[in-house]
Amino acid sequence: MAVNLKGRSFLTLQDFTPAEVRYLLDLGHDLKAKRRAGIRAPALEGKHIVLLFEKTSTRTRCSFEVAATQEGAHVTYLDAGSSQMGKKESLEDSARVLGRFFDGIEYRGYEQRVVEDLARWAGVPVWNGLTDADHPTQILADMMTIEEHCQKPLSKVKVVFPGDVRNNMCYAWMIGAAKMGMHFVGLGPEQLAREMDQRTLKTTFETARATGGLIEITDDKNCLRDADVIYGDIWASMGEEELIPKRAELLSPYRVTEETLEATGNPDVLYLHCLPSFHDLNTKTAKEWSDRGVDIREVDDAVFRGKHSVVFDEAENRMHSIKAVLVATMGS
């Protein structure tokens, strides 16, 4: 059956069928291959999009800007200090105005409710560049990367996420893995597992039962056995800096090391990370915390730079997967 996503918003993978997610992945692979082959066929000629960023980013901003311009679109960037949205102007009014100016709106910020409200009022496609609850464009890039490096269909792939099981990347992976019939394990302290969003747990468990997937949350490291992917993320998100010492103490047993990879028993296991990563002390943040006696590295440098790591292929795929979303929802 043909898939048509024209005019759709991209807020969470929960809104899409497995066939629609499959379409976006295939389109991402196709657009990447065409770019590398030098084939130019801009699908967004004459389109205008706006990027609304309440949270700063390197990969998300660059991916949206480059993806859009490569397809012929024009991009306007507004950060929290460049807009009256939510300050002198209500979110609804801002959405209605921006929808008159632009053909699509990207939002990266905090509350999932904000991106949902933008989609409700804008009248044009709205894309989720990250919220506290979800990060769907990242999951598309991750799945593309897995398909490039793993000789298994996604439905046979096991992903283990060691760390903070309550964060947006863990939730995003639960949603995506359930939708595509994958085996996903959130590996982290029971203390954090008890704080997980119960609605997300219920929804993803139900979806997984319908697709043949499996979602697990555990503190038992035996779950590493037979993993195809170990997935990393930092231990404290933007705005949680005061929690770093406690998080580091709580999550240091889940730092990804070469022993973690060996525990999978899989010589071809992949290491993925959404980035940025604290894998050495060559960042201001990691160095400052280290000087205070706190090691915030969620992965050993040997793993991050090692043969199992595909983090930079994954980062590149942010652009190709986002391009797929833009073309599918707004293209001519």
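One can find the structure itself at the top, above this paragraph.
First, a word on what this report is: a plain description of the structure on this page. Since we're looking at a predicted model, the values are computed, not measured. (Residues numbered from 1 in each chain as written. Predicted model: local features only at pLDDT ≥ 70, side-chain atom pairs only at ≥ 80, totals over all residues. Heavy atoms only, no water.)

1. Let's talk about a negative patch on the surface
- A cluster of like negative charges, contributed by E258, E259, E262 and D300, occupies part of the molecular surface.
- In this structure, D300 sits in the loop between helix 11 (284-291) and helix 12 (301-304). (Patch = residues over 30% accessible without salt bridge, like charges linked within 9 Å, V, L, I, M, F, W, Y side chains within 5 Å. Areas by Shrake-Rupley, 256 points an atom, 1.4 Å probe, with all protein chains shown as cover. Salt bridge = Lys/Arg side-chain N within 4 Å of Asp/Glu carboxyl O. Lys, Arg positive; Asp, Glu negative; His and termini not counted. Charge placed at Lys NZ, Arg CZ, Asp CG, Glu CD. Helix = DSSP H or I, 4+ residues; strand = E, 2+ residues; numbered from the N terminus.)

2. Points about the side chain of Q138
- Among the structural elements, Q138 can be located in helix 5 (residues 136-149).
- Given the relative accessible area of 1%, Q138 is considered buried.
- Contacts of Q138, omitting those with residues within four sequence positions, involve M169, Y231, C274, E314 and R318. (Buried < 20%, exposed > 50% of the residue type's maximum accessible area, 1.4 Å probe, protein only. Contact = heavy atoms within 4.5 Å.)

3. Description of the packing of aromatic side chains
- Summed over the entire model, instances satisfying the criterion amount to nine aromatic pairs.
- Between W173 and F184, the ring centres sit 6.2 Å apart and the planes meet at 5°, which makes this aromatic pair stacked. Of this pair, W173 sits in helix 6 (residues 168-179) while F184 sits in strand 6 (residues 183-187), placing them 11 residues apart in sequence.
- The class of W173 is buried, set by a relative accessible area of 0%.
- Members of the aromatic cluster, joined through ring pairs, are F161, W173, F184 and Y231.
- The ring of W289 carries R292 above its face, with NZ or CZ at 4.1 Å from the centroid. (Phe/Tyr/Trp six-rings, centres within 6.5 Å; stacked < 30°, edge-to-face > 60°. Lys NZ or Arg CZ within 6 Å of the ring centre and 35° of its normal.)

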